[in-house]
Amino acid sequence: MELALAAGGVAAGFPSPAQDHLEGTIDLNRELVQHPASTFCVRVRGESMREANLLDGDLLIVDRSLEPYQGCVAVCILDGEFTVKHFHRREGSVVLEPANPRFRPIVVAPDRDFAVWGVVSYAVHKICRRAP
Amino acid sequence: MIALVDCNNFYANCERLFRPDLRGKPVVVLSNNDGCVVSQSDEAKAMGVPMGAPFHEIRDLVRRRGIAVFSSNYALYGDLSTRVIQVLRVHAPYLETYSIDESFVDIAGIPDPAAWGRLVRSEILRQVGLPVCVGIGRTRTLSKVANRVAKKFKERTGGVHLLDTPEREEKAMRWLALEDVWGVGTASARKLALCGARTAWDMASMPQGLVRRTLGVVGERTWQELRGVPAQGLCEEEPVRRSLRTTRSFESPLTELAAVEEAVATFATRTARKLRERSLCAGALSVYLRSDRFSGERFHESRTAGFAVATGDAREVVGMALRLVRGMFREGSPVKKAGVEAWDLVPAGAVQGHLFDAVDRPRQASLQRAVDGLVRRWGSDVLELAVQGGGKSWSTRQEHRSRRYTTDWNDLLVVDMDRSHRMAPAAG
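Since the model is a prediction, treat every value here as computed from it, not as a measurement.

Examining the overall build of chain B
Line of reasoning, step 1. The number of helices and strands found in chain B is 15 helices and 13 strands.
Line of reasoning, step 2. Here chain B holds 428 residues, and the buried ones make up 51% of them.
Line of reasoning, step 3. By sequence separation, contacts in chain B at least 24 residues apart represent 67% of the contacts at least 6 residues apart.
Line of reasoning, step 4. Only carbon and sulfur atoms are counted for the fraction: they give 50% of the accessible area of chain B, which is about 20,500 Å².

Structural notes on the packing of aromatic side chains
Line of reasoning, step 1. If you walk through the whole model with that rule in mind, you get 16 aromatic pairs over all chains.
Line of reasoning, step 2. Relative to tyrosine 77 of chain B, the ring of tyrosine 74 of chain B has its centre 6.3 Å away and its plane inclined at 75°; by these criteria the two rings are edge-to-face. One end of the pair, tyrosine 74 of chain B, and the other, tyrosine 77 of chain B, are both in helix 4 (residues 74–91), 3 residues apart, so they sit about a helical turn from each other.
Line of reasoning, step 3. By relative accessible area, which is 0% here, tyrosine 77 of chain B ends up buried.
Line of reasoning, step 4. Site record: aromatic cluster; members linked through ring pairs are Phe40, Phe82 and Trp117 of chain A together with Phe18 and Tyr405 of chain B.
Line of reasoning, step 5. One residue, arginine 64 of chain A, lies across the ring of tryptophan 117 of chain A, its end atom 5.1 Å from the ring centre.

Comments concerning helix 8 (residues 166–175) of chain B
Residue and element names in this part refer to chain B.
Line of reasoning, step 1. For helix 8, the full list of buried residues reads Glu169, Ala172 and Met173. Projected down its long axis, helix 8 shows its buried positions confined to an angular sector of 95°, all on one face. Every exposed residue of helix 8 that faces more than 90 degrees away from the buried side is listed here: Glu167 and Lys171.
Line of reasoning, step 2. Where the residues of helix 8 are buried, they touch helix 6 (140–152), helix 10 (200–204) and helix 11 (208–226).

Quick word on the interface of chain B and chain A
Line of reasoning, step 1. Facing the 33 residues of chain B at the interface are 40 residues of chain A.
Line of reasoning, step 2. For the pair chain B and chain A, the summed buried surface comes to about 3,300 Å²; carbon and sulfur atoms form 57% of the total.
Line of reasoning, step 3. By the criterion of area lost to chain A, the three top residues of chain B are Val415, Met417 and His421 of chain B, representing 21% of everything that side buries.
Line of reasoning, step 4. Linking chain B with chain A are 3 salt bridges.
Line of reasoning, step 5. For aspartate 113 of chain A, the salt bridge goes to arginine 23 of chain B, with nearest N and O atoms at 2.9 Å.
Line of reasoning, step 6. There are 24 residue pairs in polar contact (both at pLDDT 80 or more) connecting chain B and chain A.
Line of reasoning, step 7. When contributions to the side of chain B that touches chain A are tallied by element, the ones reaching two or more residues are helix 4, helix 5 (113–127), strand 13 (413–416) and helix 15 (419–423) of chain B.
Line of reasoning, step 8. Of the residues in the side of chain B that touches chain A, the class split is 17 nonpolar, 7 polar and 9 charged.
Line of reasoning, step 9. Relative to strand 13 of chain B, strand 3 (residues 39–45) of chain A runs parallel, the two being bridged by 4 bridges. In the sheet register, valine 42 of chain A faces strand 13 of chain B, and the bridge partner there is leucine 413 of chain B.

Quick word on the sheet that holds strand 3 (residues 37–40) of chain B
Each strand in a sheet pairs with its neighbour through backbone hydrogen bonds, running either in the same direction (parallel) or in the opposite one (antiparallel).
Residue and element names in this part refer to chain B.
Line of reasoning, step 1. The 3 strands are arranged 3-2-4 in an open sheet whose pairing can be described as mixed. Every other strand in the sheet has two partners, leaving strand 3 and strand 4 (68–71) as the edge strands with one partner each. This sheet shows a mean twist of 25° between the axes of neighbouring strands, independent of strand direction.
Line of reasoning, step 2. For strand 2 (residues 27–30) and strand 3, the ladder comprises 3 bridges, and the chain directions are antiparallel. Directly across from leucine 30, in strand 3, lies its bridge partner valine 37.

A closer look at the side chain of aspartate 313 of chain B
Line of reasoning, step 1. Its place among the elements puts aspartate 313 of chain B in the loop between strand 11 (300–311) and helix 13 (314–328).
Line of reasoning, step 2. Contact partners of aspartate 313 of chain B, with chain neighbours within four places excluded, come to Ala272, Arg276, Gln364 and Gln368 of chain B.

Points about the domain arrangement of chain B
Residue and element names in this part refer to chain B.
Line of reasoning, step 1. Here chain B is described as being made up of domain 1 (8–72), domain 2 (77–226) and domain 3 (244–388).
Line of reasoning, step 2. Computed from C-alpha atoms alone, the centre-to-centre distance between domain 1 and domain 2 is 25 Å.
Line of reasoning, step 3. Residue-level contacts link 12 residues of domain 1 with 14 residues of domain 2.
Line of reasoning, step 4. Taken together, both faces of the contact between domain 1 and domain 2 bury some 1,100 Å²; the carbon and sulfur share is 66%.
Line of reasoning, step 5. On the domain 1 side of the contact with domain 2, Asn8, Phe10 and Leu17 bury the most area, a combined 60% of that side's loss.
Line of reasoning, step 6. Our enumeration of links across domain 1 and domain 2 arrives at 4 residue pairs in polar contact (both at pLDDT 80 or more).
Line of reasoning, step 7. Among the elements that line the side of domain 1 that touches domain 2, the one with the most residues is helix 1 (residues 10–17), at 6 residues.
Line of reasoning, step 8. Its residues assigned to classes, the side of domain 1 that touches domain 2 shows 6 nonpolar, 4 polar and 2 charged.

Thoughts on helix 4 of chain B
Line of reasoning, step 1. With 18 residues, helix 4 of chain B extends 26 Å between its outermost C-alpha atoms, agreeing within 8% with the 26 Å of an ideal straight helix rising 1.5 Å per residue.
Line of reasoning, step 2. With 13 of its 18 residues buried, helix 4 of chain B lies for the most part within the structure.

Describing the pattern of salt bridges
Charged atoms that come close allow side chains of opposite charge to pair.
Line of reasoning, step 1. Counted under the stated rule, the structure contains 26 salt bridges over all chains.
Line of reasoning, step 2. Measuring nitrogen to oxygen at the nearest pair gives 2.6 Å for the salt bridge that ties glutamate 261 of chain B to arginine 326 of chain B. With glutamate 261 of chain B in helix 12 (residues 257–277) and arginine 326 of chain B in helix 13, this pair connects stretches of sequence that are 65 residues apart.
Line of reasoning, step 3. On the basis of relative accessible area, arginine 326 of chain B is assigned to the partly exposed category, the value being 34%.
Line of reasoning, step 4. Within the structure, one salt-bridge network assembled from shared partners comprises Glu67 of chain A together with Glu123 and Arg126 of chain B.

Conventions used here
Residues numbered from 1 in each chain as written. Chains lettered and ligands numbered in written order. Predicted model: local features only at pLDDT ≥ 70, side-chain atom pairs only at ≥ 80, totals over all residues. Heavy atoms only, no water. Helix = DSSP H or I, 4+ residues; strand = E, 2+ residues; numbered from the N terminus. Buried < 20%, exposed > 50% of the residue type's maximum accessible area, 1.4 Å probe, protein only. Contact = heavy atoms within 4.5 Å. Areas by Shrake-Rupley, 256 points an atom, 1.4 Å probe, with all protein chains shown as cover. Phe/Tyr/Trp six-rings, centres within 6.5 Å; stacked < 30°, edge-to-face > 60°. Lys NZ or Arg CZ within 6 Å of the ring centre and 35° of its normal. Arc of directions from axis to C-beta. Buried area = accessible area lost by both parts, 1.4 Å probe. Salt bridge = Lys/Arg side-chain N within 4 Å of Asp/Glu carboxyl O. Polar contact = N/O pair within 3.5 Å; in protein donor to acceptor, adjacent residues only side chain to side chain. Nonpolar A, V, L, I, M, F, W, Y, C, P; charged D, E, K, R; others polar. Pairing = 2+ DSSP bridges. Axes fitted to C-alpha atoms, helices over the stretch in contact; angles between N-to-C directions. Domains from an automatic or database assignment. Expected span 1.5 Å × (residues − 1).

Right, dumping it as structure tokens:
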């Protein structure tokens, strides 16, 4: 996706001062993807992260190179299934917090198969129904 | 020192990256048209799935043991391979990509090679999610030997093995069977067995003249490499190639699609000719485009796709290369360098056909032979393919192909966020 920043028209006489600042385009890849090698796009379904502004059908940009931190939104693996939750470590165990009162936090018992797959860096939400 | 960074069970682990339910489970990946096993997880190996086994022969075993089966998803493997190399490049002063899942790195001057190996391994695992093993030795062949040890004894080595003393080299070579030495095939191993050699160490201990008489210059190079003498130009004329590549930088960057197409078609023709000269067929093809390193708009892209039936036919290779390049060319991004790489190479005589193959292979081969004859006689300019548009169908039988998670917008990983709540007992 690329947007032209400025386009100086051709005019006789002095060149447009804007042309001095013409530096190409805004490249969303460059802005939103810090580490291309470790960044993956994931689509999410469900309501359990609604209050964290992750809605059904949204697109997540996930960066595996980011270190998980207290409360970050992470793509996690729990017993062989992917999920997306707020990641917390409390008293030595992992707690996965949803962002919807209708769902309850998951305390991950140490015997369960758990791993953080990647940290969510951005979410893309479609607004216009005419957008692709 | 040379390091070989090699992905473990590459295709199988690419599949598992997006299927956490298959972690620790047996997985096999099939070649083009679901012909035979080309990659498998350790768990599948432990169940006795033979490498290269035709799928129909293991169908029973697969059903009985619940082995997960995948068709080759070249777009996925190609993309993940690029990512592995990107991470590696950050830590590698000089690297040579040898195949889709292996790179040689010149680590001369790195003070602690073993620590470097562990760092590279953990970074690739963390950032891309794929396990690799690192073997380090004085030559490429010795780094291959070291890699074998690292893979075989993963627990003990932590996936990194360093041959930094004559004692360690000897121990590893005494362990490695001759036919597992890089560049020594079963036929060569059999010849050397007649001289009483069974292991890499036996070969390295043989008199030079005997090796040359038995295996020729190529075998002699391997012998030298095992003894720590790097063979010059080894990668150029190496006997069992895993891929064939034609790349060029352009003097002035190409801005028109037509010009890029023409260049890529030329590289593809050359690649196809190299394949036929070596009596090989390619199972898959990659096309690379790179922008000018120093101009504003930077990109470096590659696309990969598999053939329905492995081929060395110029028309098929060129057709595929063009299809790939059309999908990746960007208006306004001048191309400074382009390349075509054929991989998944199989001997021309051993190509797996398939029932629904629409191409008349014998007829195609005889046309190609006639063309090659003319080219040999009159030079490569005498006949050229008119670069023709698509229209041909390239469908492959891929009943078990996974999604193109990283290269196709409509194929992204979908995560059901609510599912874990339904499955697990919730806590208050």
